[in-house]
Amino acid sequence: MKEIRIIVCAKQIPDPEAPFSNVTVNVEKKEVIVDAPDVISPYDENALEAAIRIKEEVGGKITVLSLGRKVSDTVLRKTLAAGADALILIEDPAFERLDSNSVAYVLSRAIQKIGEYDLILTGRQAGDWDSGQVGLILAEMLGIPTISLARSIKVDDGRVLVEKTIPVGYEVVEAGLPALVTVSNEVGELRYVSRTRMMGLLKRPIPIPKWGSKDLVTDLEILKKVQLIELSPPPDMRRECAFIEGASPEDKADKLAAVFKEIG
Amino acid sequence: MNELLLLVESKEGLPDKTTLELIRGGSDLAKELGIDTSAVVVGHETPSLAESVASYGLKKIYRLEHPMLSGFQPDAWVGALEWLCRQIGPRIFLASHSFVGKEVAPRLACRLKTELTTDCIGLKIDPQDGLLIRTKPIYGGNAIAALKCAGLPQMVTVRKNIFEPMEPVDTRSELVDLVPDLDESIIKVRSLKIVPEEVVELDKAHVVISGGRGVVEKEDFDMLKALAAALNKSSGNVTMVGCSRPVVDKCWLSSDHQVGLTGSIIAPDIYVAVGISGAIQHLVGMIRSKKIIAINTDPGCNMFKVADYGVVEDYKVLIPALVKKLEE
């Protein structure tokens with residue numbers, strides 16, 4: 001079987017696992033400020049893991065495509081260290097704060113520029129705006145089949161076979177290639193990348209193409225920004241915690257059992 | 001452009017709870033705009049579902065009937081809904097932020113060249129321009145954004161439990177039977193088989209005991225199951241085991257156990273968080289619990305900030321002792 005060409009769309013975001021006390025909302029500037037390191041959006045990591053497994057099984061090339069601003073080299077080189085073959089960044093001030101349709105449009109232009117591909121993988125949703133639309137819209141724009149919520153993906157004989165999570169279990173579906181699949185976390189987490197491997201990659205100069213609106217010949221007129229009218233902090237979730245103290249774990253267990261009896 | 005259209009979803013042949021919620025929310029919006037509310041039932045041989053929806057005070061029920069619409073095949077459903085929207089040109093289109101809505105709405109919005117806002121928790125009309133103001137949590141719930149988009153139809157998916165479910169009324173809706181123009185060529189993804197699995201329905205539990213990243217081994221979930229069994233026996237409450245996202249990522253538990261923004265959003269009587277630090281994504285899923293108990297070795301973790309009771313202790317020691325005590 002011929003080696004397959006996979007494109008993984010991966011976005012850099014502030015770590016969504018950050019504690020809520022590290023997040024502030026600037027109401028006036030309509031900005032969310034997260035005091036946490038940037039990471040690859042978790043479902044996109046799942047998508048990359050799925051891609052690497054396909055490559056291990058049938059051979060192929062993985063290109064990671066990332067649209068964002070000031071993308072951190074360290075974060076994105078992690079994708080190469082994990083097993084991707086190429087990385088392309090899309091950066092342009094004109095692409096900031098785009099709505100989902102416009103993001104999908106810019107990605108579609110980049111994918112057309114990459115040219116030939118068999119499979120596009122995206123996370124089921126990003127961990128910042130949680131919209132869950134870009135992958136599905138991108139497939140519509142490219143006119144290719146789309147399968148969402150994959151928990152496992154196999155490529156075989158010019159088609160993709162997916163176990164898709166559904167509310168009552170899972171569904172086995174198939175589509176001809178090229179196709180787009182959105183990946184869920186049941187696929188499993190991105191493999192561990194050793195620090196030594198990461199450092200090795202960081203030392204070597206790796207050409208990472210950066211494409212902007214001129215390279216992609218995008219029609220800036222049709223790009224729409226998110227019309228954010230208001231941004232507010234969430235309602236306060238804090239409660240007064242009564243700590244159960246005790247001389248020993250057994251003592252604490254006794255007191256906790258009493259709590260269960262009282263409130264249950 | 002003078003109607004609000006909402007997508008009906010069903011459970012055991014009747015409109016499901018999220019649909020009844022959409023009917024309530026949609027009817028209020030339509031009233032404000034002075035337009036009609038209608039609903040669309042998609043499927044094959046669905047007259048009884050349409051009949052049932054007809055008792056909820058809507059102006060019209062469109063029944064999109066076609067053999068290709070049997071079951072939920074996204075390609076066919078999107079095609080049929082696109083066909084209907086082109087026929088009637090709704091001003092607003094609402095779907096639930098459900099398995100079906102999440103899949104259909106973005107594709108439909110793209111085809112209709114309009115914009116969609118997903119997972120809305122609030123909807124109102126801007127009196128200046130008549131556009132929908134869509135409120136949705138972003139950054140996992142760390143901020144609430146109010147957005148506006150141009151384009152028709154105005155499209156959103158709505159989170160469950162945002163509106164009260166509609167009650168039946170005396171008037172009947174007009175039923176409009178339609179056969180959409182579909183052919184086999186629109187099916188690009190074929191369903192080979194559906195494999196049912198035993199799934200936990202966490203929203204039916206009185207007590208949920210969840211383990212997180214701090215639970216170090218897969219086998220330790222046996223402890224949580226033993227605690228669930230002991231609590232079930234001692235109090236008679238339905239007690240189930242849940243988890244936070246890292247546990248599903250490790251493939252230790254299936255995703256139906258996941259509590260959080262992309263798992264289940266639940267409000268049990270008691271929620272027990274074991275080894276869960278309290279990332280916002282998780283808190284969104286359980287913060288409406290009546291009582292929250294946190295067990296963690298880190299006294300500074302966020303879960304204690306939202307808990308009613310906290311125990312700073314190693315679960316490996318505490319839980320077996322607790323099970324023993326409950327079984328006495």
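Refer to the structure printed above.
Residues numbered from 1 in each chain as written. Chains lettered and ligands numbered in written order. Predicted model: local features only at pLDDT ≥ 70, side-chain atom pairs only at ≥ 80, totals over all residues. Heavy atoms only, no water.

**Student:** I'm lost on the nonpolar core in this one. Help?
**Tutor:** When a protein is soluble and globular, its nonpolar side chains tend to lie buried together. Ranked by internal contacts, the top residues of the largest apolar core, which has 42 residues, are Leu121, Ile153 and Val160 of chain A. No other element matches helix H1 (residues 42–58) of chain A, which puts 6 residues into this core. The residues touching Ile153 of chain A, leaving out its near neighbours within four places in the chain, are Ala50, Ile54, Leu121, Val160, Leu161, Val162, Val181 and Val183 of chain A. In terms of nonpolar packing, the next biggest core, distinct from the first, is built from 36 residues, Ala257 of chain A together with Val274, Ile295 and Tyr315 of chain B among them. (Core = buried A, V, L, I, M, F, W, Y, C linked by side-chain atoms within 4.5 Å. Buried < 20%, exposed > 50% of the residue type's maximum accessible area, 1.4 Å probe, protein only. Helix = DSSP H or I, 4+ residues; strand = E, 2+ residues; numbered from the N terminus. Contact = heavy atoms within 4.5 Å.)

**Student:** Help me out: how do you make sense of the pairing of strand E17 (residues 291–296) of chain B in this one?
**Tutor:** Each regular strand carries side chains that alternate between the two faces of the sheet. All names here are of chain B. In terms of residue burial, E17 counts as a mostly covered element, since 5 of its 6 residues are buried. Relative to E17, strand E16 (residues 270–274) is paired through 5 bridges, and the arrangement is parallel. Bridging across to E17, Val274 finds its partner in Ile295. As for the winding sense of the linkage, the β-α-β connection from E16 through helix H7 (residues 280–286) to E17 is right-handed. (Pairing = 2+ DSSP bridges. Right-handed = clockwise from strand over helix to strand, strands pointing away.)

**Student:** What is the right way to look at the interface of chain A and chain B in this model?
**Tutor:** Listed by partner, the interface residues are 85 residues for chain A and 82 residues for chain B. Buried surface at the junction of chain A and chain B, summed over both partners, amounts to about 7500 Å²; 59% is from carbon and sulfur atoms. It is Glu140, Arg239 and Phe260 of chain A in chain A that bury the most area against chain B; as a group they hold 10% of the surface buried on that side. There are 8 salt bridges connecting chain A and chain B. In this structure, Arg213 of chain B and Glu17 of chain A form a salt bridge, with 3.6 Å as the shortest nitrogen-oxygen distance. (Buried area = accessible area lost by both parts, 1.4 Å probe. Salt bridge = Lys/Arg side-chain N within 4 Å of Asp/Glu carboxyl O.)

**Student:** Would you mind going over the pattern of salt bridges with me for this structure?
**Tutor:** Pairs may arise between side chains of opposite charge once their charged atoms sit close together. Taken as a whole and judged by the stated rule, the model has 39 salt bridges over all chains. The network of salt bridges with shared partners includes Glu140 of chain A together with Asp75, Glu82, Arg86, Arg107 and Arg111 of chain B.

**Student:** Before we go on, may I ask you to explain unusual backbone geometry in this structure?
**Tutor:** Leaving glycine out, the prevailing phi sign among residues is negative, and the prevailing peptide bond configuration is trans. In this structure, Pro178 of chain A follows Leu177 of chain A across a cis peptide bond, with omega equal to 0°. Here Pro178 of chain A lies in the loop between strand E11 (169–176) and strand E12 (179–183). Of the consecutive residues Leu152 of chain B and Pro153 of chain B, the connecting peptide bond is found in the cis state with omega at -10°. In this structure, Pro153 of chain B sits in the loop between strand E10 (143–148) and strand E11 (154–158). Its identity is not glycine, yet Asp119 of chain B carries a phi of approximately 60°, on the positive side. Mapped onto the elements of the fold, Asp119 of chain B is located in strand E7 (residues 116–120).

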